[in-house]
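# Commentary on secondary and tertiary structure
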Amino acid sequence: MATTATVSKDTTFIWEGKDRKGNRVTGKSLAASEQSLRADLRRQGVVPTRVKKQSTAFASSKKPSPEDIAIFFRQLATMLTAGIPLVQSFEIVGTGHEKPSMQKLILDIKSQVESGSTLHESLAKHPLYFDDLAVNLVEAGEQAGALETLLDKIATYKEKTEAIKKKIKKALFYPAAVLVVAVIVTVILLIFVIPQFESLFKGFGADLPAFTQMVINLSKFVQTDGWILGLIVVGAVLGFRYFHKRSRAMREGIDRAMLKIPIVGPILVKAAIARYARTLSTTFAAGVPLVEALNSVAGATGNIVYESGVMRMKDEVATGQRLQRAMENTGLFPNMVNQMIAVGEESGSLDAMAGKVADFYELEVDAAVDSMSSLLEPLIMAILGVLVGGLVVAMYLPIFKLGQVV
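First, a word on what this report is: a plain description of the structure on this page. In this text the structure is predicted, and so the values were computed from the model without any measurement. (Residues numbered from 1 in each chain as written. Predicted model: local features only at pLDDT ≥ 70, side-chain atom pairs only at ≥ 80, totals over all residues. Heavy atoms only, no water.)

## Section: the packing of aromatic side chains
- Taken as a whole, this structure holds 9 aromatic pairs when the rule is applied.
- Each ring, one from Tyr276 and one from Phe333, has its centre 4.8 Å from the other, and the planes form 45°; the classification is tilted. Of the two residues, Tyr276 is situated in helix 10 (residues 264-285) and Phe333 in the loop between helix 13 (323-330) and helix 14 (335-347); the sequence distance between them amounts to 57 residues. Phe333 shares its class with Tyr276; the two are buried.
- Where Phe360 meets Tyr361, the ring centres are 5.1 Å apart and the plane angle is 85°; that geometry is what we call edge-to-face.
- Accessibility expressed as a relative area gives 7% for Tyr361, which makes it buried.
- Through a chain of ring-to-ring contacts, the aromatic side chains of Phe72, Phe73, Phe90 and Phe130 assemble into a single cluster. (Phe/Tyr/Trp six-rings, centres within 6.5 Å; stacked < 30°, edge-to-face > 60°. Helix = DSSP H or I, 4+ residues; strand = E, 2+ residues; numbered from the N terminus. Buried < 20%, exposed > 50% of the residue type's maximum accessible area, 1.4 Å probe, protein only.)

Next comes the structure, spelled out in structure tokens:
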């Protein structure tokens, strides 16, 4: 397969040609221009017969996702375990990827490795896709001569953590989507349906029930000043996102409050403990010193409260405190977790015990999410009944009243 030096602004080309033996070869490569790609192919003994830009009208806007990164590590680990050289593994994985943005990322890393950079240095140049944990583990694998083993651990770690995130997002997406649809339906009823009933009620010549009058007044407000309410809601959402990104105190307050919400809070606690234990197990098994490992563990918990707690633990461990004692001092971990970590420290199998903790809490998260979904369904139906059913009842109350008079 052809290789080509790449930079971040290179274009992906699909090419066909013939090698020195006259065999037909095809491939995908990154190059600054068609001319430079043709020249590079000739230097490698390939006579190009057709070169064209890859169409990326729709896919180019899709950035690599965490799932793409996890699959990349899994494929790379599999290639290296099979004995395929690193550069050739990048070529195979990169040119075979369906997403152009991911293909470009992989081939760019390949080019940097070819130019003399180590793999962890090449990954570190793309911090949006490869966090410090992945970079540190790859560096440990390169130094220990067990890169394929560490890549396999990274792939397993990312697959498990992404599975937890996806499970929680899936459970929260359904009720959120239903509530959004309910709000949209309510607004449509207030703007288009309620005014029709209002014109009908004007001919009754009698006072309307208080509930009906309230709904009619709400309909008038939405029709005349609803855009102001919409701007307030949009402004509040944008303002929240702006300050949430820039204020650590705000994020910590929100994360702390989220942990105390019934039903949702316990799930977030279990998910944070699962990520903590999984990251600790992965880094410690890779030979990363405990104090350094806790830096990566802190950022992987996904909650600022636990992140701050782990950083306090790191300071205590650095002064000679046992990890189990430091965990107890935070008050964030159940007694079972503390005891299992203590057993791991005493037996010299901290990575194995942390892995067992992660397995247990990942199963707990799965069970809790399933239970939450079952609890939310009747709650959602009740909310829909109050929103939509309330409007319907309000509009039919005058008709019922008229029927009684007749």
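## A look at the pattern of salt bridges
- Scanning all chains against the criterion turns up 18 salt bridges.
- In this structure, the salt-bridge partner of Glu252 is Arg256, at a minimum N-O distance of 3.1 Å. Taken as a pair, Glu252 and Arg256 lie in helix 9 (residues 248-259) at a separation of 4 residues, close to a single helical turn.
- Accessibility expressed as a relative area gives 24% for Glu252, which makes it partly exposed.
- Each of Arg74, Asp152 and Glu159 takes part in salt bridges that share partners, so that together they form one network. (Salt bridge = Lys/Arg side-chain N within 4 Å of Asp/Glu carboxyl O.)

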